[in-house]
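# Structural features, examined
Given next are the chains, with one letter for each unit.
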Amino acid sequence: MEAKELSVVLEGVDASPKCTAFGREGEYVASVKDVSLQVYFFKRKQLNRFSLRATNKKGGNNVFTCVACHPQEDCIATGHADGKIRLWRNFNHKKEYTFSTLHWHHDKVLDLAFSVEGTSLLSGGVESVLVQWHSGSDCKKDFLPRLGSAIEYVSISSDGTFYCTSHTDNRITIINSNLRFSKTIQGLIKARDIKTGLVVDPRTKALVLNGEPGHLQFYCLQSDKQLYSLDIVQQEYIHQAGLNQSDLARVAFSAQGKWLATVEEREETDLELQLKLWFFDEETQSFRLNTRISMPHEDHVTAMCFRDMDEMEDDSLMLVTTGRDCVFKVWVILEDTDPEAQQSLSWSCDFVGSYHGYQATNCCFSEDGSLLAVSFEETVTVWDSSTWDLKCTFCHPPGKIRTICFGRLTCSKYLIGATDHGFLCCWNLLSCALEWSAHLNVVVLQPDPLSEYIAAFSWLFKESSLFVFKPNEPRPICIQRKFCKERIQFAAFVPRDVPETIGSEKYLWLRRSQLFFLTDTQELMTVSTKSLEERLTLSSKQLAVEESLPVTPFSLLLGKHRQQQSQEDVDLGKIVRHHHEQDSPAVKELLHTPAHVLPSASFLCPIFINSLLVSKENKSVEEAPAEVEMESEGAEDDSDEENSVTEMKQEDIMPIESLGETTHKLSKSEEKELRKIRKTDYSWISVF
């Protein structure tokens, strides 16, 4: 339907879809913004405005947050910042309107929705509780608590049998109409703040980062599912704005994933820090708390890393933490000789180092574990991990050291660092001199654990660029300029199960590992060597419905239709090559992939349109006989050999079967004779 005229009915409308709703049978539209409610009646072309005071006498906040309209009555429900819900009636009069108040939420109401019949009202907020109000009464209400995170949106199915809630942590919950939990759709949890960075679990190759408050989420990249969530803080989280609660700040795994180190912090009047060491229990297949250390540093912990060496020997295990208290600490395992002790191993501080009273900001071990690099503001110090002697220092003013890492394999003699003044430096550990430097504002520096390559993400003019290089070659292997308009927060190389075959030299650095990175809006991205069609084909194979699953009515109907079509082709004696044998991956993607993991329409649309285009070289088999009929007999004789080859190929693709027997194939001479008989005029027979 094409609109001939456009007219403005409301001005100053909030951009959020929760702030606009249509009334009964589309007779009016309601919109809220700040402390104003606007109602426009389409037939009368009348606009009514209602305003509230910003705060009431009791200190409540009257700012509107959402609106919903009753499906059968002239009633408007509005949510407010102080947790109240107002039910507006008689709003077709500017002065004689009335409203009643419902109140349960202690913080702002985030969304409202009426049931299909209008007998109940659903509301959600930061408490992670879905509230069902009956008959607009403050006394009659039901609750579904512990939904995990704040409820952002509430929706109801068209038949009223299911409710759906969308949450701030990137979760969708399906709920039965009797407020019984049905299903959760959950991918990567969107945390309040990512402080741990992107860490790879060596055991499962899962991506580990902040999840629910106080938890670590183990996210499987292959299945787009959360493997499990580990409760680190082990405290009940209170959903209330303004409270300072304990949260995860740092995480690190040992080389084989046997040990896990976490740092949690809580800042009230005084800073509270806890360093926890977790041991992986093979029997329970989960991490078990081994050591808890209160206040490992006097100020915030800035970095933490394990020494990557043989974990079979506990003597070689070592953990280093750096803090704003201007020191770095080395933690080692001690064996408890007390026979009554609950566990034989525990962690203790073995060494404390500092450098001229500067803040320690970063730390990392060399590949063989013999050297430890610790950055103190503008200076990088290198220490012997066996004697803790200071070996050498590096400096590249101006600017503080933002991140550091050692080279690997053939480049293990190099140390790379980036400053906050836009310099990328490479130092030679053998000559203790600067090897090369580049003017580049690097915000993330991530080495590949299985190769010599290092990925550097820069941020310039509000755009991110990617540079991949080897420390012994200052010229980058790969450059992707302005590939993202968001700032990159963290990155991680995830080892592949099987090295990938890559034809282009530009992407050889992705052969053994895949690079993932997280933006400041918590969007997880990756660099792929495959084209869009190849990636869609892979995802279709992973997400296709298995044949062993129960058959749905739709699949039965579709199968019956295909059987009828196939039978009609056989009865007509035609050799038909169905187009679905050459379906585009885009079409398969649309049919077999769940909607919540489909790529955006802008990705699918171009290749979907291309799949509908018919190539001129591939003529349909049905058109070929028609063209032959129009040609002369001489042309038929000249093309006998070519046509016979084509027909043999088609016969190999799809043989003709009728009633279980293969139809006899006529020779070329028999077909020519049959054509002559068909062209002969037999109308004279009608005389008899």
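Residues numbered from 1 in each chain as written. Predicted model: local features only at pLDDT ≥ 70, side-chain atom pairs only at ≥ 80, totals over all residues. Heavy atoms only, no water.

Looking at an unreviewed UniProt entry, the protein carries the name WD repeat domain 75, with the source organism given as Chrysolophus pictus.

Pairing is antiparallel across the open sheet formed by 3 strands, whose spatial order is 41-42-43. Strands at the two margins of the open sheet, each flanked by one partner only, are strand 41 (488-495) and strand 43 (524-526). Taken over all neighbouring pairs, the strand axes of this sheet differ in orientation by 25 degrees on average, direction set aside. Inspection of the sheet shows strand 41 paired to strand 42 (residues 513-519) by 7 bridges, in the antiparallel sense. Residue pairing for strand 42: isoleucine 488 is matched across the bridge by threonine 519. (Pairing = 2+ DSSP bridges. Helix = DSSP H or I, 4+ residues; strand = E, 2+ residues; numbered from the N terminus. Axes fitted to C-alpha atoms, helices over the stretch in contact; angles between N-to-C directions.)

Taken in spatial order, the 4 strands of this open sheet run 13-14-15-16, and their pairing is antiparallel. The sheet is open, and its two edges are formed by strand 13 (151-156) and strand 16 (181-186), each paired on a single side. Adjacent strand axes in the sheet meet at a mean angle of 20 degrees, parallel and antiparallel pairs treated alike. With 6 bridges joining them, strand 14 (residues 162-167) and strand 15 (residues 171-176) adopt antiparallel strand pairing. Note that in strand 15 the partner of serine 166 across the bridge is isoleucine 172.

For the rest of this paragraph, the subject is the pattern of salt bridges. Scanning the model with the defined rule gives 15 salt bridges in all. Residue arginine 266 is joined to glutamate 272 by a salt bridge in which the shortest nitrogen-to-oxygen separation is 3.2 Å. Since its relative accessible area comes to 24%, arginine 266 is described here as partly exposed. Judged by relative accessible area, which is 41%, glutamate 272 ranks as partly exposed. Here aspartate 281 ties to arginine 288 by a salt bridge, and the two come within 3.8 Å at their closest N and O atoms. By relative accessible area, aspartate 281 is classed as buried at 16%. Shared partners join several salt bridges into a network, and the residues in it are Arg24, Glu27 and Asp74. (Salt bridge = Lys/Arg side-chain N within 4 Å of Asp/Glu carboxyl O. Buried < 20%, exposed > 50% of the residue type's maximum accessible area, 1.4 Å probe, protein only.)

Here the focus is unusual backbone geometry. Phi angles above zero are rare outside glycine, and arginine 146 is one such case at about 55 degrees. Under the relative-accessibility criterion, arginine 146 is labelled exposed at 75%. In the Ramachandran plot, leucine 179 falls in the positive-phi region, its phi being about 60 degrees despite a non-glycine side chain. With respect to the secondary-structure elements, leucine 179 resides in the loop between strand 15 and strand 16. We classify leucine 179 as buried; its relative accessible area is 5%.

Following the sequence through the fold, asparagine 428 ends up in strand 35 (residues 423-428). Classification of asparagine 428 by relative accessible area gives buried; the value is 8%. In this structure the side chain of asparagine 428 is engaged in a polar contact, spanning 3.4 Å, whose partner is the backbone nitrogen of serine 431. Other than its neighbours up to four places away in sequence, asparagine 428 contacts Phe394, Lys413, Tyr414, Ala433 and Glu435. (Polar contact = N/O pair within 3.5 Å; in protein donor to acceptor, adjacent residues only side chain to side chain. Contact = heavy atoms within 4.5 Å.)

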